[in-house]
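# Summary of structural features
Spelled out from the first residue to the last, the chains are:
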Amino acid sequence: MLPPLLLQLATVVGVYSICCWLYDNLRTPLLLLFRGATQLFGGGQNSLPKKYGPWAVITGSSDGIGKGYANYLASQGIKVMLIARNEAKLKRVAEEIVAKHGTETKILVADFSQGEHIYEKLERELSSLDIGILVNNVGVINEKPIQLDRMEKRLLWDLININVGAATLLCNIALPAMKKRKRGLIINISSLSSLAPTPYLAVYAASKAYMTSFSLALREEVTPYGIECQTVSPGYVHTSMTEYLHPTDGKKNTFSVRLVKVSNMIRYAGYCIAKVDQTTGHWSHGIQTAILNLLPGSLKLRVFTRLYTQLLHEYSDTDKKLA
Ligand SMILES: NC(=O)c1ccc[n+]([C@@H]2O[C@H](COP(=O)([O-])OP(=O)(O)OC[C@H]3O[C@@H](n4cnc5c(N)ncnc54)[C@H](OP(=O)(O)O)[C@@H]3O)[C@@H](O)[C@H]2O)c1
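Residues numbered from 1 in each chain as written. Predicted model: local features only at pLDDT ≥ 70, side-chain atom pairs only at ≥ 80, totals over all residues.

Among the five residues that make up strand S6 (residues 228-232), five are buried, leaving the element largely enclosed by the rest of the structure. Where burial is concerned, the two faces of S6 agree: the one with Glu-228, Gln-230 and Val-232 and the one with Cys-229 and Thr-231 are both buried. As judged from the five bridges shared by strand S5 (residues 185-189) and S6, these two strands associate in the parallel manner. Within S6, the position partnered with Leu-185 by the bridge is Glu-228. For the segment spanning S5, helix H7 (residues 202-222) and S6, crossover handedness is right-handed. (Buried ≥ 20, exposed ≤ 12 C-beta atoms within 10 Å, placed from the backbone. Helix = DSSP H or I, 4+ residues; strand = E, 2+ residues; numbered from the N terminus. Pairing = 2+ DSSP bridges. Right-handed = clockwise from strand over helix to strand, strands pointing away.)

With that out of the way, let us pick up the sheet that holds S5. Taken in spatial order, the seven strands line up as S3-S2-S1-S4-S5-S6-S9 in an open sheet, and their pairing is parallel. Edge positions in the sheet fall to strand S3 (105-109) and strand S9 (278-279), since each of these pairs with one other strand and no more. Where strand S1 (residues 55-59) lies against strand S4 (residues 131-136), four bridges are found, and the strand directions are parallel. Of the residues in S4, the one forming a bridge with Ile-58 is Val-135. Running at roughly 170° to S3, helix H4 (residues 87-101) makes contact with strand S2 (79-84) and S3 of the sheet. (Contact = placed C-beta atoms within 7 Å. Axes fitted to C-alpha atoms, helices over the stretch in contact; angles between N-to-C directions.)

The subject of this paragraph is the environment of Leu-33. Note that Leu-33 resides in helix H1 (residues 4-41). Exposure remark for Leu-33: the 11 C-beta atoms within 10 Å place this residue in the exposed category.

With that out of the way, let us pick up the site of the ligand. Taken together, 29 residues sit near the ligand, with Gly-60, Gly-64, Arg-85, Asn-86 and Gly-139 positioned nearest. A per-element tally of the shell around the ligand places helix H3 (residues 64-75) first, with three residues. Partitioning the shell around the ligand into residue classes produces 12 nonpolar, 13 polar and four charged. (Near = placed C-beta within 6 Å. Nonpolar A, V, L, I, M, F, W, Y, C, P; charged D, E, K, R; others polar.)

With that settled, the discussion passes to the UniProt feature "transmembrane region" (unreviewed entry) in the chain. When the UniProt feature table is mapped to this numbering, "transmembrane region" (unreviewed entry) covers residues 155-175. With 100% helix and 0% strand, residues 155-175 has end C-alpha atoms that lie 29 Å from one another. (UniProt positions renumbered as here; feature names shortened; annotations may be inferred.)

The next subject is the confidence of the model for the chain. Per-residue confidence for the chain gives a mean pLDDT of 93, with 95% of residues at or over 70. Considering only residues more than four positions removed or in separate chains, one finds that residues 318-323, a stretch of pLDDT under 50, has 13 contacts. (pLDDT = per-residue confidence, 0-100.)

Before going further, it helps to examine helix H8 (residues 262-272). Restricting attention to buried positions, one finds in H8 the residues Val-262, Met-265, Ile-266, Ala-269 and Cys-272. Relative to the axis of H8, the buried residues are bounded by an arc of 115° and lie together on one face. The inward-facing, buried residues of H8 contact H1, H3, S6, strand S7 (237-238), strand S8 (260-261) and S9. Looking one or two residues beyond H8, the residue adopting positive phi is Ala-274, at roughly 70°. (Arc of directions from axis to C-beta.)

The following block contains the structure:
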């Protein structure tokens with residue numbers, strides 16, 4: 001039997017922990033319900049172009065989640081500037097968007113792996129646009145889980161330059177005009193893997209932990225200027241980044257069943273725009289995050305270590321460098 005004082009202390013700590021968990025994990029869904037209902041019954045909301053401005057800039061928008069955001073924003077009447085490396089792919093996506101949504105589009109070819117010197121040109125090109133929304137989506141990952149010492153040095157620099165550098169520098173470029181206009185929205189795409197250090201995806205997960213920390217801090221900096229900053233931390237989404245998890249024989253496995261389609265993610269993530277400052281981008285990833293958040297940091301690390309050790313054995317070719 002515990003002495004009564006210890007029992008009281010354990011109860012207080014237990015109740016406090018439950019309250020913290022509930023606050024962290026129910027804040028977004030409750031806000032979403034509340035703001036959704038307010039919009040529905042309270043006369044709707046300003047359209048996105050009216051609220052934030054006419055143009056959206058989306059990095060890494062020729063494919064996957066970025067392309068999904070570009071389509072969603074165009075469907076809301078926002079003109080979109082698409083940025084990626086492959087000009088032909090960008091032109092194709094821009095034409096698709098014009099045909100589907102009738103909105104103006106522009107493309108900008110840029111390779112974020114090239115480091116600091118590309119930003120001068122980007123700043124010049126972007127200065128002529130009234131940017132209402134900036135979606136910092138571009139990101140790369142090692143093709144499959146792999147040990148750090150087996151990765152190519154080039155890929156290690158790319159992970160840092162692209163996943164960390166691009167969002168940081170683009171916010172620096174876009175913010176002065178947003179502050180002057182006292183409006184704007186920055187959407188930073190992080191990942192569920194920012195929740196805990198992830199062995200065999202160590203640099204990718206660390207880059208996403210940077211994104212979350214950066215985005216949450218930036219939100220506090222820009223709120224006084226009337227600018228919003230949203231952090232999106234999805235779990236597995238079926239894009240070229242996660243293609244290796246998808247068996248080619250069409251059969252499902254433990255990992256492929258967790259892949260959410262881009263269209264489903266974007267439907268949910270789009271609904272979250274202008275309503276919440278943090279989201280996983282899909283309700284099922286919200287549940288996964290809430291379950292993981294029940295664990296203390298050290299146990300989360302154990303779970304991620306187990307999961308990614310399994311992936312390492314299942315998918316990595318141990319005989320050659322994979323990256
Ligand atoms: N898929 C997931 O399960 C998942 C989960 C959580 C978070 N995320 C995050 O979501 C974001 C998008 O991921 P995704 O899965 O949609 O990726 P994706 O399908 O591989 O698309 C990546 C996009 O980025 C562009 N890109 C790649 N390298 C580039 C570079 N050096 N310079 C400029 N553009 C470049 C690609 O176009 P080009 O090749 O033509 O340049 C493409 O448009 C990333 O930040 C990722 O970390 C993804």
